[in-house]
Amino acid sequence: MFNSNFYTLKQAMDVALLRQNVHSLNIANVSTPGYKRKYVAFEELLKESEMKLKLSKTNEKHLIGSKSVVEPRVLVDNTTTMRNDGNNVDIDYEMVQLVKNGLRYQVLTRLMSLNIDRYNAVLRGVR
């Protein structure tokens, strides 16, 4: 029933929620000795993957299209150290990323709301 915008927005919202949790975890562990910051890799994976169109099969001998879903991954940044105790969380960076991601989530929820409003207008016959 829904177009691909709903599924794309849902996935983007899920990634933003995961990022919010990861940034919160990093902020909570800013004073934990040896803690390494975590981050969510999604856009990089999306660029690396070969996103191909799903092909419809009209014959069982047709080739199967590739999987077009990319899942986000939480990775650990082991490349840097901010303090002598091995912790590499930069509180200023994490706070900026938390706010940036929060704003992104607000935009995504507004877009989802507008899509739902369009469907409601069509279902009610209101223009």
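This text follows the structure it describes.
Nothing here was measured: the structure is a model prediction, and the numbers come from that model.

Criteria and thresholds
Residues numbered from 1 in each chain as written. Predicted model: local features only at pLDDT ≥ 70, side-chain atom pairs only at ≥ 80, totals over all residues. Heavy atoms only, no water. Patch = residues over 30% accessible without salt bridge, like charges linked within 9 Å, V, L, I, M, F, W, Y side chains within 5 Å. Areas by Shrake-Rupley, 256 points an atom, 1.4 Å probe, with all protein chains shown as cover. Salt bridge = Lys/Arg side-chain N within 4 Å of Asp/Glu carboxyl O. Helix = DSSP H or I, 4+ residues; strand = E, 2+ residues; numbered from the N terminus. Axes fitted to C-alpha atoms, helices over the stretch in contact; angles between N-to-C directions. Parallel < 35°, antiparallel > 145°, perpendicular 65-115°, else oblique. Left-handed = near helix turned anticlockwise from the far one by under 90°. Nonpolar A, V, L, I, M, F, W, Y, C, P; charged D, E, K, R; others polar. Buried < 20%, exposed > 50% of the residue type's maximum accessible area, 1.4 Å probe, protein only. Contact = heavy atoms within 4.5 Å. Expected span 1.5 Å × (residues − 1).

**A few points about a nonpolar patch on the surface**
For step 1, the next point in the chain: Taken together, the side chains of Val107, Leu111 and Leu114 make up a nonpolar region of the molecular surface, amounting to roughly 240 Å² of accessible area.
For step 2, the next point in the chain: Its place among the elements puts Val107 in helix 3 (residues 91–124).

**Describing the packing of helix 1 (residues 4–28) against helix 3**
For step 1, the next point in the chain: It is at 9 Å that the axes of helix 1 and helix 3 come closest, and there the two elements cross at 155 degrees. Overall, the two elements helix 1 and helix 3 adopt an arrangement that is roughly antiparallel. Remark: the crossing between helix 1 and helix 3 carries left-handed chirality.
For step 2, the next point in the chain: Here the residues of the contact of helix 1 with helix 3 sort into 16 nonpolar, 10 polar and 4 charged.

**Digging into the environment of Arg19**
For step 1, the next point in the chain: For Arg19, the location among the structural elements is in helix 1.
For step 2, the next point in the chain: Taking relative accessible area as the criterion, Arg19 reaches 11% and is therefore assigned buried.
For step 3, the next point in the chain: Counting along the chain gives 53 residues from Arg19 to Pro72, while the straight-line C-alpha distance between them is 9.5 Å.
For step 4, the next point in the chain: With sequence-adjacent residues up to four places away left out, Arg19 is seen in contact with Val40, Phe42, Glu43, Asn101 and Arg104.

**Section: helix 1**
For step 1, the next point in the chain: If you check helix 1, its first and last C-alpha atoms are 36 Å apart, about what 25 residues at 1.5 Å a residue would give, namely 36 Å.
For step 2, the next point in the chain: Listed as buried for helix 1 are Phe6, Leu9, Met13, Val15, Ala16, Arg19, Val22, His23 and Asn26.
For step 3, the next point in the chain: Buried residues in helix 1 make contact with strand 1 (38–41), helix 2 (43–48), strand 2 (73–76) and helix 3.

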